[in-house]
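Working through the structure, step by step
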Amino acid sequence: MMSKDDFVEKRSLNGVGADALAGVNIGPLIIGAGAAYTKFYQSTDKDDVSGTDTSGDLTQYQAAAGLALGKFCLLGKYYFKADYKLSQKTSGGDNSTYSDADASYGASLMYRPGGRSFWSLDYQTVNFTEAKVGGTKIDRSSSDEQINLTSFGISYGFMF
């Protein structure tokens with residue numbers, strides 16, 4: 001997580017989450033929509049990033065499309081809404097939320113060994129163009145000001 005203008009200094013996060021997607025298979029084509037939730041924990045020491053902690057909750061809403069070829073499936077995701085609420089309050093006791101996702105997308109390469117289960121390698125990048133601290137909105141639509149959350153992961157799941 002970071003912004004080019006250092007409003008949010010570069011740091012590492014670890015997370016755990018859940019993703020639900022409803023869709024249809026038309027031959028090898030997959031089309032769907034869904035939602036995802038991830039709880040992130042900052043792994044960078046707070047002292048290395050000006051005493052700040054950006055642990056928080058990411059909620060996303062997505063449209064997805066992909067191709068299923070044998071035991072493999074490649075799925076692309078477009079996040080049309082995303083909010084990241086920080087776990088820690090500011091020194092003034094206010095909540096902070098990053099929102100208004102722009103140019104945010106993800107991809108999953110899934111392997112289905114048999115039955116309904118699958119493993120996947122996942123990538124996502126979410127650019128937030130608005131910060132809200134308490135009741136004050138901060139416009140961060142300039143590309144240098146956007147707050148970027150990029151993640152890579154491994155997932156295990158089930159198809160119904």
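Attention in this report is confined to the structure presented alongside it.

Calculation criteria
- Residues numbered from 1 in each chain as written.
- Predicted model: local features only at pLDDT ≥ 70, side-chain atom pairs only at ≥ 80, totals over all residues.
- Heavy atoms only, no water.
- Helix = DSSP H or I, 4+ residues; strand = E, 2+ residues; numbered from the N terminus.
- Buried < 20%, exposed > 50% of the residue type's maximum accessible area, 1.4 Å probe, protein only.
- Contact = heavy atoms within 4.5 Å.
- Lys, Arg positive; Asp, Glu negative; His and termini not counted.
- Charge placed at Lys NZ, Arg CZ, Asp CG, Glu CD.
- Salt bridge = Lys/Arg side-chain N within 4 Å of Asp/Glu carboxyl O.
- Core = buried A, V, L, I, M, F, W, Y, C linked by side-chain atoms within 4.5 Å.

Secondary structure assignment for the chain yields zero helices and nine strands. Put simply, the chain runs from its N terminus to its C terminus through helices and strands in the order β-β-β-β-β-β-β-β-β. Buried positions account for 38% of the 160 residues belonging to the chain. For the chain, the share of sequence-separated contacts (at least 6 apart) that also reach a separation of at least 24 residues comes to 60%. Positive and negative side-chain charges in the chain, numbering 15 and 18 respectively, have mean positions lying 10 Å apart.

As a further point, take the pattern of salt bridges. Applying the stated criterion across every chain yields a total of four salt bridges. D5 is paired through a salt bridge with R140; the nearest N and O atoms lie 2.8 Å apart. Pair noted here: D5 is in the loop between β1 (2-3) and β2 (13-26) and R140 is in the loop between β8 (136-139) and β9 (147-158), with a separation of 135 residues, a long-range link.

Here Y98 shows up in strand β6 (residues 96-114). Once the C-alpha coordinates of Y98 and I147 are considered, the two residues, 49 residues apart in sequence, prove to be 7.8 Å apart. When residues no more than four places from it in sequence are discounted, the contact partners of Y98 are M1, F7, V8, A82, D83, Y84, L86, F128, E130, A131 and I147.

Counting 16 residues, the largest nonpolar core has M1, L58, Y84, Y98, F128 and L149 as its most contacted members. Where this core is concerned, the elements lending two or more residues are β5 (72-86), β6, β7 (117-133) and β9. Element by element, the count of residues in this core is highest for β5, at four residues. Those residues in contact with L58 that lie beyond four places of it in its chain are A36, Y37, T38, F40, A82, D83, Y84, Q124, F128 and L149. Membership of the second largest hydrophobic core comes to seven residues, among which are I30, C73, M110 and F118.

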